[in-house]
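Okay, here's what each chain looks like letter by letter:
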Amino acid sequence: QVQLVESGGGLVQAGGSVRLSCAASGPTFIENRVGWFRQAPGKEREFVATISRYGSHKYYADPVKGRITISRDDAKNTVYLRMNGLKPEDTAVYYCAAAQGYSSDYNLRATYDFWGQGTQVTVSS
């Protein structure tokens, strides 16, 4: 069982930056693929980024590619999402999720087993 807690959200001006953290508990976190998703009001939860176990592979959604970086520090059981050049359309609740097994469908919610409660990011124009 893995428990995830997100932090780092808040109110940010357009063009600003934020770093979200996803702190995990559980002895096997290092073996988990971890993803970030976001959900804007009235919209479905969508994939943002994912990092493979040991951090060897990273994938990003097209709308955020070039503006965000996902990383992990397994010694701290934490995954980070650094977002730069924030836009009002980035406003959403951001969730991290962990997967126990491998899947090529890393952008699908169904391939993740554990979810955090989310952290709100609001970008003002």
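Structure's up top.
The rules behind each value
Numbering of residues begins from 1 in every chain and follows the order in which that chain's sequence is written. This being a predicted model, a pLDDT of at least 70 is required before a residue's local features are given, and a value of 80 or more before pairs of side-chain atoms are given or counted; all residues contribute to the totals for chains, interfaces and linings. To obtain the side-chain values, all non-hydrogen atoms of the structure were included, while hydrogens and water were left out. By definition, a salt bridge exists where a carboxyl oxygen of Asp or Glu is found within 4 Å of a side-chain nitrogen of Lys or Arg. Accessible area is worked out with a 1.4 Å probe on protein chains only. A residue is then buried under 20% of its type maximum, exposed over 50%, and partly exposed in between. Secondary structure elements are defined from DSSP: runs of H or I of at least 4 residues count as helices, runs of E of at least 2 residues count as strands, and each element is numbered from the N terminus. Here, nonpolar core means buried Ala, Val, Leu, Ile, Met, Phe, Trp, Tyr and Cys residues that are tied together by side-chain atoms lying within 4.5 Å of each other. Two residues form a contact once any of their heavy atoms are found within 4.5 Å. In this scheme, strands are said to pair when DSSP sees at least two bridges between them. Lines fitted to C-alpha atoms define the axes here, with helix axes fitted over just the stretch in contact, and angles between the N-to-C directions of these axes take values from 0 to 180 degrees. Disulfide: a pair of cysteine sulfur atoms within 2.5 Å of each other.

Attention shifts here to the pattern of salt bridges. In this structure the tally under the stated criterion is five salt bridges. Here R38 ties to E46 by a salt bridge, and the two come within 2.7 Å at their closest N and O atoms. Looking at R38, the relative accessible area reads 7%, which means it is buried. Residue R67 is joined to D90 by a salt bridge in which the shortest nitrogen-to-oxygen separation is 2.8 Å. Taken together, the positions of R67 in the loop between β6 (58–60) and β7 (68–73) and D90 in the loop between β8 (78–83) and β9 (92–99) put the pair 23 residues apart, joining distant regions of the chain.

Time to look at the nonpolar core. L4, W36, L81, M83 and Y94 are the most contacted members of the largest nonpolar core, which totals 34 residues. At the level of secondary structure, the elements contributing two or more residues to this core comprise β3 (18–25), β4 (33–39), β5 (46–51), β7, β8, β9 and β11 (119–124). A per-element tally of this core places β9 first, with six residues. Not counting residues within four places of it along the chain, the set of residues in contact with M83 comprises G16, S17, V18, L20, R67, I68, Y94 and V121.

This part is about the sheet that holds β3. Pairing in this open sheet of four strands is antiparallel, and the strands run β1-β3-β8-β7 from one edge to the other. Both edges of this open sheet fall to β1 (3–7) and β7, since each of them pairs with a single strand only. When the angles between neighbouring strand axes are averaged without regard to direction, this sheet yields 15°. Pairing of β1 with β3, which is carried by five bridges, proceeds in the antiparallel orientation. Residue pairing across strands places E6 opposite C22, the latter belonging to β3.

A covalent bond between the sulfur atoms of two cysteines is referred to as a disulfide. A complete count under the given rule lists one disulfide for this structure. The disulfide that involves C22 links it to C96, with 2.1 Å between the sulfurs. Taking the torsion about the S-S bond as the criterion, the C22 to C96 disulfide, at about 60°, is right-handed. Note that C22 is positioned in strand β3 and C96 in strand β9, a separation of 74 residues in sequence. Judged by relative accessible area, C96 falls into the buried class, the value being 0%.

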